[in-house]
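The lines below spell out each chain.
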Amino acid sequence: MLNPPMMTARPSLHPTIHHFCENSTRVHADGNPATSTLMFLMGVLGNLLALGILGVHRREQRARASPFCVLVTGLAVTDLLGTCVLSPVVFVSYAQQASLLALGWWPLCHLFAFAMTFFNLSSMMILFFMAFERCLALSHPYVYAQHSWGHRLARVSLPISYIVPALLCALPLIGVGEHKQYCPGTWCFIRMAVPPTTGKDGTLAFSLLYAILTGLLILAILLCNASVTASLCRMRKGQRARRGSLRRGGARGWFLGAGEEELEHLILLVLMTIIFMVCSVPMT
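Per chain, residue numbering runs from 1 following the sequence as it is written. With the structure being a predicted model, the display of local features is reserved for residues of pLDDT at least 70 and the display and counting of side-chain atom pairs for 80 or more, all residues being used for whole-chain, interface and lining totals. By convention in this description, side-chain values take in all heavy atoms of the structure and omit both hydrogens and water.

A. Layout of the overall build of the protein. Scanning the protein from terminus to terminus reveals 10 helices and two strands. A run of DSSP states H or I qualifies as a helix once it reaches four residues; a run of E qualifies as a strand once it reaches two. Both are numbered from the N-terminal end. For the protein, the sequential pattern of α-helices and β-strands runs α-α-α-α-α-α-β-β-α-α-α-α. Buried means the residue's accessible area, taken with a 1.4 Å probe over protein chains only, is under 20% of the maximum for its type, while exposed means over 50%, and partly exposed covers the values in between. When burial is assessed residue by residue, the protein has 43% of its 284 residues classed as buried. Here, two residues are considered to be in contact whenever any of their heavy atoms come within 4.5 Å of each other. Within the protein, counting contacts between residues at least 6 apart in sequence, those at least 24 apart form 78% of the total. All accessibility values rest on the Shrake-Rupley procedure with a 1.4 Å probe; residue burial counts only the protein chains present in the view. Of the roughly 14,900 Å² of accessible surface on the protein, a fraction of 68% belongs to carbon and sulfur atoms.

Right under this line is the structure:
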């Protein structure tokens, strides 16, 4: 999950501090570069480790990568790119104690906010396609295998996960929606609260559009994971019925009863969904 290290300051509800951070050219005292550095290192090392494991797995299988592995690889690469694009700007800001506005004025703030929203939404869409692919594979296994739905989905899902977020997140760059610098002055994001005196309906509309799309993706991921869980339960129940009972046939447990690979995929999806929800739901 893309969790860039700029969001480390304790949020303040005082409007004066919010206004100070929005227009400040200095990094606020609440900023914590140590936490930012730790998060950057964990993000880079974690994604590199994931890519290494996926590469070893593919060489051991000596076969065409499964659609699920293709999507997992795409998610790791996207998250790694997001971390490497965003974090260096944060480090420079801390090193010079200068906010993004001081480093590059509004163009840098706009680009930073675009990258942050893009990588967050893109990662969320890839996670949705991963859950959807598993849902199709277990709910309609014969049709899924007969028509190669998995590989077709993998071919189109990654381009969609990049093109759609890029088009949506570029709207503030052409005047639909706004970006804002947030405390401690090392990151920019969508302006989520619109002053009533401005009268800019497009700002509020874009903020709501981004939040609604993110919320719908989270809901769809949860529904797909629930469907996968139900399918695994039906598989286990069917296997138990064919064997008579697990006690007479030997206790093989949940993993072998439901399909070890499918259960591993489900566990991975559930863990990633929890991480995405913890990071995304509060801001959404």
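B. The packing of aromatic side chains, seen in detail. Note on aromatic pairs: the rings of Phe, Tyr and Trp (six-membered ring only in Trp) are paired at centre separations within 6.5 Å, and the planes decide the class, stacked below 30 degrees, edge-to-face beyond 60, tilted for the rest. One pass over the structure, following the stated rule, counts nine aromatic pairs. Judged by centre distance (6.5 Å) and plane angle (35 degrees), the rings of Phe118 and Tyr162 are tilted. Here Phe118 is found in helix H4 (residues 100-139), whereas its partner Tyr162 is found in helix H6 (residues 149-169), with 44 residues between them in sequence. Given a relative accessible area of 28%, Tyr162 falls into the partly exposed group.

C. Geometry of H6. Working rule for helices: expected span equals 1.5 Å times residues minus one. Compared with the 30 Å implied by 1.5 Å per residue over 21 residues, the 29 Å span of H6 between its first and last C-alpha is a close match. For H6, every residue scored as buried is listed here: Gly150, Leu153, Ala154, Ser157, Leu158, Ser161, Pro165, Leu168 and Cys169.

D. Spotlight on the UniProt feature "transmembrane region" (unreviewed entry) in the protein. UniProt positions are given in the numbering used here, feature names are shortened, and annotations may be inferred rather than shown by experiment. Mapped onto this structure's residue numbering, the UniProt feature "transmembrane region" (unreviewed entry) falls at residues 38-56, 68-91, 111-132, 153-174 and 208-233. What you have in residues 111-132 is 100% helix and 0% strand, and the ends, taken at the C-alpha atoms, are 31 Å apart. For residues 208-233, helix accounts for 100% and strand for 0%, while the C-alpha atoms at its two ends are 37 Å apart.

E. Focus on unusual backbone geometry. Note that the residue after Cys183, namely Pro184, is joined by a cis bond; omega there is 5 degrees. Counting through the fold element by element, Pro184 comes out in the loop between strand S1 (179-182) and strand S2 (187-190).

F. Structural context of the pattern of salt bridges. In the sections that follow, a salt bridge refers to a side-chain nitrogen of Lys or Arg positioned within 4 Å of a carboxyl oxygen of Asp or Glu. With the rule as written, the count across this model stands at two salt bridges. With a closest N to O distance of 2.9 Å, Glu133 and Arg134 form a salt bridge. We note that Glu133, like Arg134, is buried. The partner of Glu178 in a salt bridge is Arg191, with the nearest N and O atoms 3.1 Å apart. In this pair, Glu178 sits in the loop between H6 and S1 while Arg191 sits in the loop between S2 and helix H7 (201-243), placing the two residues 13 residues apart along the sequence. Side by side, Glu178 and Arg191 carry an identical accessibility label, which is buried.

G. Representation of the confidence of the model for the protein. Looking at the protein, pLDDT values average 77 and 77% of them are 70 or higher. Every residue gets a pLDDT, meaning the predictor's confidence in that residue, from 0 to 100. Summarising per-element confidence for the protein, the mean pLDDT is lowest in helix H9 (residues 253-258) (43) and highest in H6 (88). The low-confidence segment residues 1-17, where pLDDT is below 50, has 47 contacts with residues more than four positions distant or belonging to other chains. Within the model, pLDDT remains below 50 along residues 249-258, and this stretch shows 16 contacts once partners closer than five positions in the same chain are excluded.

H. Spatial organisation of H4. With 40 residues, H4 should cover 58 Å at 1.5 Å per step; its first-to-last C-alpha distance of 48 Å lies more than 12% under that length. Bend, in this description, refers to the angle at a residue between axes fitted to the seven residues ending there and the seven starting there. Of all the bends found along H4, the most pronounced is centred on Trp106 and spans about 90 degrees, while Pro107, a proline, follows it within four residues. With 28 of 40 residues buried, H4 is to be regarded as a mostly interior element.

I. How the structure looks around the state of the cysteines. The term disulfide is used for any two cysteine sulfur atoms that are within 2.5 Å. A full pass over the atoms with the stated rule returns one disulfide. Its sulfur unpaired, Cys224 is 4.7 Å from the next cysteine sulfur, which belongs to Cys135.

J. Layout of the packing of H4 against H6. Axis definition: a line fitted to C-alpha atoms, over the contacting stretch in the case of helices. Angles run 0 to 180 degrees between N-to-C directions. Running from N to C, H4 and H6 cross one another at 155 degrees; their axes reach a closest spacing of 9 Å. As the angle between them shows, H4 and H6 are arranged roughly antiparallel. The chirality of how H4 crosses H6 is right-handed. Residues are grouped as follows: Ala, Val, Leu, Ile, Met, Phe, Trp, Tyr, Cys and Pro are nonpolar; Asp, Glu, Lys and Arg are charged; all remaining types, including Gly, are polar. Counted by class, the contact of H4 with H6 contains 18 nonpolar, five polar and one charged residues. An angle below 35 degrees is treated as roughly parallel, one above 145 as roughly antiparallel, one from 65 to 115 as roughly perpendicular, and anything else as oblique. Here a crossing is taken to be left-handed if its near helix is turned anticlockwise relative to the far helix by less than a right angle, and right-handed if that turn runs clockwise.

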